[in-house]
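Each chain, letter by letter, is given below.
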Amino acid sequence: LDRASYPIVQKLICQHIVPGNVKSLLKQPIPEPKGGRLIQVEGYWISVGDKEPTIDETYILTPSVKLNLRDIVRVVSAGTYPVLIQGETSVGKTSLIQWLAAATGNHCVRINNHEHTDIQEYIGCYTSDSSGKLVFKEGVLIDAMRKGYWIILDELNLAPTDVLEALNRLLDDNRELLVTETQEVVKAHPWFMLFATQNPPGLYGGRKVLSRAFRNRFVELHFDELPSSELETILHKRCSLPPSYCSKLVKVMLDLQSYRRSSSVFAGKQGFITLRDLFRWAERYRLAEQTEKEYDWLQYLAND
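Because the structure is predicted, anything quoted here is derived from the model rather than measured.

Asker: Outline the pairing of strand β8 (residues 176-179), supporting the account with residue identities and numerical values.
Answerer: As judged from the 4 bridges shared by β8 and strand β9 (residues 184-187), these two strands associate in the antiparallel manner. Looking at the pairing, Leu178 lines up with Val185 of β9. Between β8 and the antiparallel strand that follows it, β9, lie 4 residues; Gln183 among them carries a positive phi value of about 60 degrees.

This is the structure:
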C-alpha cells in the first residue's frame, strides 16, 4: 500500500472489524511479546539476532526516512513475510534495511542482480576443494537460510526468469528451497528474512514488470522521493557541506531533472543526474576541503 491508501484502510477497519475510533486504537503501545530477545524500533518489537545491536549515528533519519523505516519494521515485527520495496534510485531502499539489521543485531547479506545473474550465485555449485575432491559449495541464499541471516535481493526485476522461478518455493508459507544438485530440501531458519528491491519498471532500462502472481508473494512497499529540504539536511550532515551550498546543489539537480523531462519525455528524469551523483558531488567538496583551506569553493563546485 502507498500512504495515500491508509485512510481508506482505516475506514474499512472501522466499518467491518473494529467499531469506534481506529486512530486511538492504533496509537496504543504494542505490548512486548513473550519469549526471545526483542528490541523496540519505532514502536514495534523486532527479534534480535546473534550480533550486538549497533546504531549507526552517521545515518540520517529524516522525517520521510523515518516513515519508510516505520513501514519496514511494521512488516518485520508481524512475522517472516518477504518484503518487496519499490522506489527511485538512491531513496535509501537498501541502506535502510542494512541500518535496521545492524540496529537489531542481525547479519545482512546482499545479492546485486543484473541480466546475467546466475542461479548458482543463489543456490551454489560443485567445485573442487583443496584435495581436488568435487564438493558442493552452497551459494549466498542457501547460506543465509541456514544461518538465519537477512538477505537483500537488489534490483530483483533485472534478474533472469530462472532465478525468479527458483525463488517461488521459498516465498511460500513453508519457506523451503529444493537444491536440485543435491536433492536436499533446505528449510529457512526462524530468523531468516528476505527483502527485495526494485526501481520502477519502464523508467529504468532493462527492468521487467514482475508478474502479479509473483508480487503477491511479497508484502509490497513503495518509497517516495525525498523532499528537497531533506536532501539539503542529508548533504549538510553527511558531507559537512555549508547550508547555502547544499541548497545550490539540490537546485542544480532539480533544474537538470526538469530540463530532462522537457527535452526527452520518454527518457526519464534521472538521465542527467541521480541522487548518487549529488552525494558524490558533495563528497568531493568534503574531501577537498580537508586539504585546501583558502579556495573559491563555489568555483570548485561549479568545476565539478
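Asker: Mind laying out the sheet that holds strand β4 (residues 108-112), listing which residues take part and the relevant values?
Answerer: One open sheet accounts for 5 strands, arranged β4-β7-β10-β3-β11; its pairing is parallel. The strands lining the two open edges of the sheet, one partner per strand, are β4 and β11 (219-223). The sheet shows a mean angle of 20 degrees between the axes of neighbouring strands, taken without regard to direction. Here strand β3 (residues 83-87) pairs with β11 via 5 bridges, running parallel. From the neighbouring strand, Leu84 faces β11, where its bridge partner is Glu220.

Asker: Account for a negative patch on the surface, naming residues and giving values.
Answerer: On the surface, a cluster of negative charge is made up of Asp118, Glu121, Asp162 and Glu165. Relative to the helices and strands, Asp118 resides in the loop between β4 and α5 (119-123).

Asker: Residue-level account of the side chain of Gln86, with values.
Answerer: Take Gln86: it is sitting in strand β3. At a separation of 2.5 Å, a polar atom in the side chain of Gln86 contacts the side chain of Gln198. The residues touching Gln86, leaving out its near neighbours within four places in the chain, are Lys93, Gln198, Asn199, Pro200, Pro201, Leu221, His222 and Phe223.

Asker: Can you lay out helix α3 (residues 63-78) for me, pointing to particular residues and giving the numbers?
Answerer: Over its 16 residues, α3 runs 23 Å from end to end, which matches the ideal 22 Å to within 8%, given 1.5 Å per residue. For α3, every residue scored as buried is listed here: Ser64, Val65, Asn68, Leu69, Asp71, Ile72, Val73, Val75 and Val76. Residue Gly79 follows α3 closely and has a positive phi angle near 155 degrees.

Asker: Explain the packing of α3 against helix α4 (residues 93-103) to me, and be specific about the residues and the numbers.
Answerer: When two helices pack together, their arrangement is given by the angle between the helix axes and by the axis-to-axis distance. Across the interface, α3 lies against α4 with an axial gap of 11 Å and an inter-helix angle of 65 degrees. For the crossing formed where α3 meets α4, the hand is right-handed. Contact residues: α3 offers Val65, Asn68, Leu69, Ile72 and Val73, while α4 offers Leu96, Ile97, Trp99 and Leu100. For the contact of α3 with α4, the class distribution of residues is 8 nonpolar, 1 polar and no charged.

Asker: An account of the packing of aromatic side chains is requested, with residue identities and associated values reported.
Answerer: Inspection of every chain in the model, using the stated rule, returns 7 aromatic pairs. Look at Trp297 and Tyr300: their rings are 5.4 Å apart centre to centre, the planes differ by 80 degrees, and that puts the pair in the edge-to-face class. Residue Trp297 and its partner Tyr300 are both found in helix α12 (residues 297-303); the two are separated by 3 residues, about one turn of the helix. Taken together through their ring pairs, the aromatic side chains of Tyr245, Tyr285, Trp297 and Tyr300 make up a single cluster. It is Arg238 that lies over the ring of Phe279; its NZ or CZ is 4.5 Å from the centre.

Asker: Help me get a handle on the environment of Ile234, residues and values and all.
Answerer: Here Ile234 is to be found in helix α9 (residues 228-239). For Ile234, a relative accessible area of 7% gives the class buried. A sequence separation of 172 residues divides Ile234 from Thr62, and the C-alpha atoms of the two residues are 7.9 Å apart. When residues no more than four places from it in sequence are discounted, the contact partners of Ile234 are Ile60, Thr62, Leu226, Cys239 and Phe279.

Asker: Break down the side chain of Thr197 for me, citing the residues and quoting the values.
Answerer: Mapped onto the fold, Thr197 is located in strand β10 (residues 193-198). Those residues within four positions of Thr197 in sequence are excluded, and the remaining contacts are Leu84, Ile85, Lys93, Thr94, Ile97, Ile152, Leu153, Asp154, Glu155 and Leu156.

Rules and cut-offs
- Residues numbered from 1 in each chain as written.
- Predicted model: local features only at pLDDT ≥ 70, side-chain atom pairs only at ≥ 80, totals over all residues.
- Heavy atoms only, no water.
- Pairing = 2+ DSSP bridges.
- Helix = DSSP H or I, 4+ residues; strand = E, 2+ residues; numbered from the N terminus.
- Axes fitted to C-alpha atoms, helices over the stretch in contact; angles between N-to-C directions.
- Patch = residues over 30% accessible without salt bridge, like charges linked within 9 Å, V, L, I, M, F, W, Y side chains within 5 Å.
- Areas by Shrake-Rupley, 256 points an atom, 1.4 Å probe, with all protein chains shown as cover.
- Salt bridge = Lys/Arg side-chain N within 4 Å of Asp/Glu carboxyl O.
- Lys, Arg positive; Asp, Glu negative; His and termini not counted.
- Charge placed at Lys NZ, Arg CZ, Asp CG, Glu CD.
- Polar contact = N/O pair within 3.5 Å; in protein donor to acceptor, adjacent residues only side chain to side chain.
- Contact = heavy atoms within 4.5 Å.
- Expected span 1.5 Å × (residues − 1).
- Buried < 20%, exposed > 50% of the residue type's maximum accessible area, 1.4 Å probe, protein only.
- Left-handed = near helix turned anticlockwise from the far one by under 90°.
- Nonpolar A, V, L, I, M, F, W, Y, C, P; charged D, E, K, R; others polar.
- Phe/Tyr/Trp six-rings, centres within 6.5 Å; stacked < 30°, edge-to-face > 60°.
- Lys NZ or Arg CZ within 6 Å of the ring centre and 35° of its normal.

By themselves, these figures tell us nothing about what the structure is for.
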